[in-house]
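What follows is each chain in one-letter form.
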Amino acid sequence: MVALVEAQAHIQFGIAILLVMLPRMIAGWHGVSSPIVPPPPLWQDWLAHLVQFVLYVLLFAVLLLSIANRLWSPDAWNFLGIERPRDPDR
């Protein structure tokens, strides 16, 4: 029973990260960041943007893969309080 509660908490926490990450990404695309003083070298700025992009892609991929894992799982689970019933055919 404890493992099931921990798994549900883990899933809900992942969904919360997804819901926080999406508006932050949209705000980041449309917002202006404060300048760094003194400005870093061009290669360092480019590398920082690349690493940030890769981290967002990986975070998004992990969240989508975990949601897909739960969708194909035969166990019952809930998505933000909405119960998904157990599939008896699996």
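Here is what the cut-offs are and how they apply
- Residues numbered from 1 in each chain as written.
- Predicted model: local features only at pLDDT ≥ 70, side-chain atom pairs only at ≥ 80, totals over all residues.
- Heavy atoms only, no water.
- Helix = DSSP H or I, 4+ residues; strand = E, 2+ residues; numbered from the N terminus.
- Buried < 20%, exposed > 50% of the residue type's maximum accessible area, 1.4 Å probe, protein only.
- Contact = heavy atoms within 4.5 Å.
- Areas by Shrake-Rupley, 256 points an atom, 1.4 Å probe, with all protein chains shown as cover.
- pLDDT = per-residue confidence, 0-100.
- Patch = residues over 30% accessible without salt bridge, like charges linked within 9 Å, V, L, I, M, F, W, Y side chains within 5 Å.
- Salt bridge = Lys/Arg side-chain N within 4 Å of Asp/Glu carboxyl O.

### Side note on the overall build of the protein chain
Within the protein chain, the regular secondary structure consists of 2 helices and 2 strands. Listing every helix and strand of the protein chain by position from the N terminus yields α-α-β-β. Here the protein chain holds 90 residues, and the buried ones make up 13% of them. Counting only contacts in the protein chain whose residues sit at least 6 apart along the sequence, the fraction spanning at least 24 positions is 53%. Counting only carbon and sulfur atoms, one obtains 74% of the accessible surface of the protein chain, whose full area is about 7500 Å².

### Observations concerning unusual backbone geometry
In this chain, Val37 is followed by Pro38 through a cis amide linkage whose omega measures -10°. With respect to the element layout, Pro38 can be found in the loop between helix H1 (2–30) and helix H2 (42–72).

### Some remarks on the confidence of the model for the protein chain
For residues with low pLDDT, the predicted coordinates do not support detailed interpretation. Per-residue confidence for the protein chain gives a mean pLDDT of 79, with 78% of residues at or over 70. Averaged pLDDT values for the elements of the protein chain fall to 67 in strand E1 (residues 77–79) and rise to 87 in H2.

### Thoughts on a nonpolar patch on the surface
On the surface, a cluster of nonpolar side chains totalling about 1000 Å² of accessible area is made up of Trp43, Trp46, Leu47, Leu50, Val51, Phe53, Val54, Leu55, Val57 and Leu58. Mapped onto the secondary structure, Phe53 falls in helix H2. Note on Phe53: relative accessible area 56%, which makes it exposed.

### Quick word on the environment of Gly14
For Gly14, the location among the structural elements is in helix H1. Taking the relative accessible area as the measure of exposure, Gly14 reaches 14% and is therefore buried. For Gly14 and Val62, which are 48 residues apart along the polypeptide, the C-alpha to C-alpha distance reads 9.3 Å.

### Comments concerning the environment of Gln12
Its location among the elements puts Gln12 in helix H1. Under the relative-accessibility criterion, Gln12 is labelled partly exposed at 23%. Each C-alpha atom, one on Gln12 and one on Gly81, is 9.0 Å from the other, the two residues being 69 residues apart in sequence.

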